[in-house]
Amino acid sequence: MVRTTAQGVAVRDQKHEIALAVLDMAGTTVSDDGLVIRAFDEAASAVGVPAGGDEREQARQYVLDTMGQSKIEVFRALFGTEDRAHEANAAFEKAYEKHIDEGVTPISGAAEAISQLRDAGVKVALTTGFSPSTQQRLLAALGWQDIADLTLAPGEGCRGRPYPDLVLTALMLAGVDDVAQVAVLGDTASDVLSGVRAGASIVAGTLTGAHDTETLLAAGATHVLDSVAEFPEHVLSD
């Protein structure tokens, strides 16, 4: 739409209709009651990190700081060798999947928000830093196998966050023509940075997960929401 300012200058409003919403899972649409840290502790023990002391605490803090990123990449950074990273990753996934039925629940309003977006014609992609197999196990535990149009995880040819690959892969698979028609929601700085790097016009943070308002805004969030329940309001009206 073209409008004329008070000075008589013609200006084209840059309003983009959102065609694709890319939502993170753990911490954004799913609550796992600290299961990531519990699973990490089992993984760290599996590769010989002492149960107490500075090494364990520093590793645990790194996991918290890098929430949202591909877990294998986190373990590569922490544990040095490829063999040790893969051993830790295997132990992490085994521990997470073992406890998945105990503490995993949808964040209040998440399913309704996804339905509202899809009913309005917006395609929805659910993304994660977990492996594809762990993501599918998580979806099955929630009964969410058919809740979204797409489910994506890092893998061959698709890097995890904070790279833009998951968002851009979702865009291509959904058949969306313009990155400006994409909205992203996540609870971590990595989620937000991924959306910013992909060129999404809405990159929102939510306060139901790992990072606070200051951290999300510093990463480039265009909005900070209390929860995913507020997301459709911004996607369908912005």
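Heads up: these notes are all about the structure in this document. What you are looking at is a predicted structure, and each value in this text was computed from that prediction instead of being measured. (Residues numbered from 1 in each chain as written. Predicted model: local features only at pLDDT ≥ 70, side-chain atom pairs only at ≥ 80, totals over all residues. Heavy atoms only, no water.)

Structural notes on the overall build of the protein
Helices and strands together make up the secondary structure of the protein, namely 10 helices and 10 strands. The C-alpha radius of gyration computed for the protein amounts to 19 Å, which stays within 12% of the reference 18 Å derived for 238 residues, consistent with globular compactness. Taken over the C-alpha atoms alone, the protein extends approximately 70 × 35 × 30 Å along its principal axes. Residues counted as buried form 51% of the 238 residues belonging to the protein. Approximately 10,900 Å² of the protein is accessible, and the part contributed by carbon and sulfur atoms is 49%. Charge separation in the protein, taken as the distance between the mean sites of 17 positive and 35 negative side-chain charges, equals 3 Å. (Helix = DSSP H or I, 4+ residues; strand = E, 2+ residues; numbered from the N terminus. Rg over C-alpha atoms; globule rule 2.2 N^0.38 Å. Buried < 20%, exposed > 50% of the residue type's maximum accessible area, 1.4 Å probe, protein only. Areas by Shrake-Rupley, 256 points an atom, 1.4 Å probe, with all protein chains shown as cover. Lys, Arg positive; Asp, Glu negative; His and termini not counted. Charge placed at Lys NZ, Arg CZ, Asp CG, Glu CD.)

Quick look at the sheet that holds strand E10 (residues 223-225)
Adjacent strands of a sheet pair through backbone hydrogen bonds, lying either parallel or antiparallel. Here 6 strands make up an open sheet; going across it, the order is E7-E6-E3-E8-E9-E10 and the pairing parallel. Strands with a single pairing partner mark the edges of an open sheet, and in this sheet they are strand E7 (150-152) and E10. Geometrically, the sheet is characterised by an average inter-axis angle of 20° between neighbouring strands, direction not taken into account. Of the pairings in the sheet, the one linking strand E8 (residues 182-186) to strand E9 (residues 202-206) comprises 4 bridges and is parallel in character. Across the sheet, the residue bridging to Leu185 is Ala204, located in E9. On top of the sheet, helix H6 (residues 132-142) reaches strand E6 (123-127) and E7; it is set at about 135° to E7, its chief contact. On the sheet, helix H8 (residues 189-198) packs against strand E3 (20-24), E8 and E9 and is oriented at approximately 175° with respect to E9. (Pairing = 2+ DSSP bridges. Axes fitted to C-alpha atoms, helices over the stretch in contact; angles between N-to-C directions. Contact = heavy atoms within 4.5 Å.)

Describing the pairing of E3
Buried residues dominate E3, accounting for 5 of its 5 residues. With 5 bridges connecting them, E3 and E6 associate as parallel partners. In the strand pairing of E6, Leu20 is matched with Lys123. Where E3 meets E8, 4 bridges bridge the pair, whose relative direction is parallel. By the bridge assignment, Val22 is partnered in E8 with Val184.

Digging into the packing of helix H2 (residues 54-65) against helix H3 (residues 71-79)
Relative to each other, H2 and H3 sit at 150°, their axes nearing to 11 Å. When the axes of H2 and H3 are compared, the pair comes out roughly antiparallel. Of the two possible hands of crossing, H2 and H3 adopt the one that is right-handed. From H2, Ala59, Tyr62 and Val63 reach across to H3, where they touch Val74, Ala77 and Leu78. In terms of residue class, the contact of H2 with H3 is made up of 6 nonpolar, no polar and no charged. (Parallel < 35°, antiparallel > 145°, perpendicular 65-115°, else oblique. Left-handed = near helix turned anticlockwise from the far one by under 90°. Nonpolar A, V, L, I, M, F, W, Y, C, P; charged D, E, K, R; others polar.)

Focus on the nonpolar core
Counting 53 residues, the largest nonpolar core has Leu23, Phe92, Tyr96, Leu126, Leu138 and Phe231 as its most contacted members. Not counting the four nearest positions on each side in its chain, Phe231 is found in contact with Ala21, Leu23, Leu117, Ala183, Val184, Leu185, Ile202, Ala204 and Leu225. (Core = buried A, V, L, I, M, F, W, Y, C linked by side-chain atoms within 4.5 Å.)

Overview of the pattern of salt bridges
Under the definition given, this model contains 10 salt bridges. Residues Arg60 and Asp41 are paired through a salt bridge, measuring 2.8 Å at the closest nitrogen-oxygen approach. Linking Arg60 in helix H2 with Asp41 in helix H1 (residues 35-46), this pair joins segments that are 19 residues apart in sequence. Given a relative accessible area of 17%, Arg60 falls into the buried group. According to the relative accessible area criterion, Asp41 is buried, its value standing at 19%. Bridged by salt links that share partners, the residues Asp41, Arg56, Glu57 and Arg60 form one connected network. (Salt bridge = Lys/Arg side-chain N within 4 Å of Asp/Glu carboxyl O.)

Let's talk about the side chain of Thr206
With respect to the helices, strands and loops of the structure, Thr206 is situated in strand E9. Accessibility expressed as a relative area gives 0% for Thr206, which makes it buried. Here the side chain of Thr206 touches Thr208 through a polar contact of 3.3 Å, side chain to side chain. Other than its neighbours up to four places away in sequence, Thr206 contacts Gly27, Thr28, Leu185, Gly186, Asp187, His211, Leu216, Leu225, Asp226, Ser227 and Val228. (Polar contact = N/O pair within 3.5 Å; in protein donor to acceptor, adjacent residues only side chain to side chain.)

Comments concerning H2
An α-helical turn contains 3.6 residues, so a residue and the one three or four places further along point in the same direction. The terminal C-alpha atoms of H2, which comprises 12 residues, lie 16 Å apart, in line with the 16 Å expected from a rise of 1.5 Å per residue. For H2, the complete set of buried residues consists of Arg56, Ala59, Arg60 and Val63. Considered in projection along H2, the buried side chains sweep an arc of 100° and stay on one side of the axis. Residues of H2 that are exposed and point more than 90 degrees away from the buried face comprise Asp54 and Gln58. Residues of H2 that are buried in the fold lie against H1 and H3. (Expected span 1.5 Å × (residues − 1). Arc of directions from axis to C-beta.)

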